[in-house]
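# Commentary on secondary and tertiary structure
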Amino acid sequence: MSGVEIAVELVALVVAVLLVTAAARKLDWSAPLCLIAVGVVASYVPGIPDYELDPEVVLLGLLPPLLYATAIRTSLIDFRRNRGPILLLSVGLVIFTTAAVGVVAWLVIPGLPLAAGLAIGAVVAPPDAVAATAVARKVGMPRKLTRLLEGESLFNDAAALVALRTAIAAIAGSVSLLQVGGDFLLAAGGGLVIGFAVGAIAAMIRTRLQDPVTDTALSLVVPFIAYIAAEAIHGSGVIAVVVAGLILGHKAPSMLSGRSRLASRLNWQTIQFLLENIVFLLIGLQVRRIMTEVGDSGLSALQLVVICLATLAATIVTRIVWMAGIGLARRLFRRHAWPWRYSAVIAWAGMRGVVTLAAAFVLPADTPQRAVLVLVAFVVVAGTLLLHGTTLPVLVRRLKLPPPDPGEDALQEAAVLHDMTRAALDELEKIRTPEDPEDIVERLRSRLQHRSDSAWEELGRQSALTETPSDAYRRLRLKLLEVERAKFLEARDSGMADDDVLRRILERLDIEESMLDREEETVPDSDRELRTPAATAGSCKHLAKSWPEVQPDAADVCAECVANGTTWVHLRKCLKCGNVACCDSSPSKHATQHFHDTLHPVMRSQEPGETWRWCFVDKQLG
């Protein structure tokens, strides 16, 4: 095949992915299912190239960057907090599924050795959380569930591939239990050591890099270095990639410049989007070749249907049984257990993906009934995507799981930004010198305060009748940027300045515009009360105190603003005396002034649906 033909096929894959995912998003359908369906149909169209899914290309070329892209976005703090449940899912469940599905396959496939049955069990064991987390974000699944599914997907591939390697060795000859344990420890230990080493070395190098292009280029090779190095010592390349990604993602805020982080984030989001979706399309394109090979197996169509359905059912049921067993065991031993609704959703979020099909192609050519096993793997992938992918959103809605509350997110964001702003203002007073122009210092104070105020203004939006000061600033500044960009285009078209100069100017405009744009409005759900986050409740003695209920002196107005003829943004109530006054985003800041006049320490939001509190003394949300 010529280079031109290869390039044309790659471009065709990318274009097909873009068209299908755009249509799926428009129709509110599952993109992975649509891509597989399009691939299946295309595989039978005359003239369509035969895209062979080489397992080595998937395991070495696609799996490392996909795992790394997920790992660098995974919170190491959350991972440590949930490491027990994640290990139960990513290791315990994989081993349980391998054994259970292996026995079922051994029973239903004529002439299949038990070792080959365990091999197909290991092949179908690891779920692909890509589709599950896509559904999770779409229907508003609780973040803890989303993080558990993402954490499971980071390590279950490693456990499954080790199990597959052992089963393949057993097909060729005898394998002792001691050897199995040794292989697993070597894979896990070697992967951890290489992952830590690659992550630490890459972090040390990237800390010294100032150029975003060079830094991004280095980040692109890190997952491949980790994977190849670990596999070279017979360790788990998957574990090495995940560990390196977790380390670099955790260290990114302190080791990279803002420009490098932005460039890296956008590049990896693009890579992940293309690779994930191309893989699902390639899965569908394998169907014709799989069916051709199955035709030589000597099994009837009815036998093949029974085999595929039995294996699919076993794959689904083992996950349900495992989750039920975990819940029962935790209750028996009086350990903290997930709510049964959480267990139900995790049990039903077992969609399989590319690793399953790639692992099936890894089976040696002399494996008994290899073509049938590959067909079984495809049916499990397509079946779980179809069954779980279409019903999981319904299950989440029926169970009425609480979605992430944008109002609480906005409250936490405002509290963190407030602390950051206070620290920066304190530092400004320390580092300023008498020679520093006062107008420059005041401009810095204003910018810092504006960022903090705009975050607080995101709260109480369901009761705001007029736009907030930050909204007005955003609206006006975006209009001005349009005028500036039009003038920039005039300068470019007339040749007024050199192209390099113009590119620097355009970069400044783009950066400022990106800071003004908001991805989504964080409007609190009007049916839910916006309370203080549990992590910060009672964070100081004033907030921990039980304040007696006092009636507000005004229901929905700031009396001082009314008297002075000024306006307010949001209202706050003093818990000591009931005084209702305006917030710090308001021109007069009467709530803060009330604290300075009376030293009453705690106020509560007076906005509808909000009960969060703030301590003026300790500057704490509680």
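Preceding block: the structure.
For the structure given in this document, a descriptive report is provided here. Treat the numbers as computed from the prediction; the structure is a model and nothing was measured.

### As for the packing of helix 13 (residues 287–294) against helix 17 (residues 370–399)
Taken N-terminus to C-terminus, the directions of helix 13 and helix 17 make an angle of 140°; their axes are 8 Å apart at the nearest point. Note that helix 13 runs across helix 17; the crossing there is left-handed. Within the contact between the two elements, helix 13 uses Val287, Ile290, Met291, Glu293 and Val294 and helix 17 uses Arg370, Ala371, Val372, Val374, Leu375 and Phe378. When grouped by side-chain class, the residues that make up the contact of helix 13 with helix 17 number nine nonpolar, no polar and two charged.

### Re empty space enclosed by the protein
Scanning all chains against the criterion turns up three cavities of 30 Å³ or more. Looking at the lining of the largest cavity, the elements that each hand over two or more residues are strand 1 (571–574), helix 24 (590–598) and strand 3 (602–605). The residue makeup of the lining of the largest cavity, split by class, is seven nonpolar, three polar and two charged.

### Section: a negative patch on the surface
Taken together, the side chains of Asp50, Glu52, Asp54 and Glu56 make up a negatively charged region of the molecular surface. Here Glu52 lies in the loop between helix 2 (31–43) and helix 3 (55–71).

### A look at the packing of aromatic side chains
In this structure the tally under the stated criterion is six aromatic pairs. Measuring from ring centre to ring centre gives 5.6 Å for Trp456 and Trp614, while their planes differ by 80°; the resulting arrangement is edge-to-face. One end of the pair, Trp456, is in helix 19 (residues 438–457); the other, Trp614, is in strand 4 (residues 613–615), and 158 residues separate them in sequence. Per residue, the accessibility class of Trp456 equals that of Trp614, and both read buried.

### Let's talk about a nonpolar patch on the surface
Taken together, the side chains of Val103, Trp106, Leu107 and Leu114 define a hydrophobic patch exposed on the protein surface, amounting to about 380 Å² of accessible area. It is helix 5 (residues 83–108) that provides the largest number of residues to the nonpolar patch, a total of three residues.

### A short note on helix 13
Within helix 13, the full set of buried residues consists of Val287, Arg289, Ile290 and Val294. For helix 13, the arc enclosing every buried residue in end-on projection is 165°, short of the 170-degree limit, so these residues lie on one face.

### Some thoughts on the sheet that holds strand 5 (residues 620–621)
The strand order 2-1-3-4-5 describes an open sheet built from five strands, whose pairing is antiparallel. Unpaired on one side and paired on the other, strand 2 (580–582) and strand 5 mark the two borders of the sheet. Two elements, strand 3 and strand 4, share three bridges in a ladder whose sense is antiparallel. Of the residues in strand 4, the one forming a bridge with Arg604 is Arg613. Packed onto the sheet, helix 24 meets strand 1 and strand 2 and runs at close to 120° relative to strand 2.

### Quick look at unusual backbone geometry
For His234, which is not glycine, the phi dihedral falls at a positive 65°. Following the sequence through the fold, His234 ends up in the loop between helix 10 (212–232) and helix 11 (237–255). His234 gets classed as exposed once you look at its relative accessible area, which sits at 53%. Phi angles above zero are rare outside glycine, and Lys400 is one such case at about 55°. With respect to the element layout, Lys400 can be found in the loop between helix 17 and helix 18 (406–431). Since its relative accessible area comes to 69%, Lys400 is described here as exposed.

Criteria and cut-off values
Residues numbered from 1 in each chain as written. Predicted model: local features only at pLDDT ≥ 70, side-chain atom pairs only at ≥ 80, totals over all residues. Heavy atoms only, no water. Axes fitted to C-alpha atoms, helices over the stretch in contact; angles between N-to-C directions. Helix = DSSP H or I, 4+ residues; strand = E, 2+ residues; numbered from the N terminus. Left-handed = near helix turned anticlockwise from the far one by under 90°. Contact = heavy atoms within 4.5 Å. Nonpolar A, V, L, I, M, F, W, Y, C, P; charged D, E, K, R; others polar. 1 Å grid on protein atoms, 1.4 Å probe; cavity = no way out; pocket = protein on both sides within 12 Å on 5 of 7 lines; lining within 4 Å. Points joined across faces, edges and corners; volume = space filled by probe spheres on them. Patch = residues over 30% accessible without salt bridge, like charges linked within 9 Å, V, L, I, M, F, W, Y side chains within 5 Å. Areas by Shrake-Rupley, 256 points an atom, 1.4 Å probe, with all protein chains shown as cover. Salt bridge = Lys/Arg side-chain N within 4 Å of Asp/Glu carboxyl O. Lys, Arg positive; Asp, Glu negative; His and termini not counted. Charge placed at Lys NZ, Arg CZ, Asp CG, Glu CD. Phe/Tyr/Trp six-rings, centres within 6.5 Å; stacked < 30°, edge-to-face > 60°. Buried < 20%, exposed > 50% of the residue type's maximum accessible area, 1.4 Å probe, protein only. Arc of directions from axis to C-beta. Pairing = 2+ DSSP bridges.

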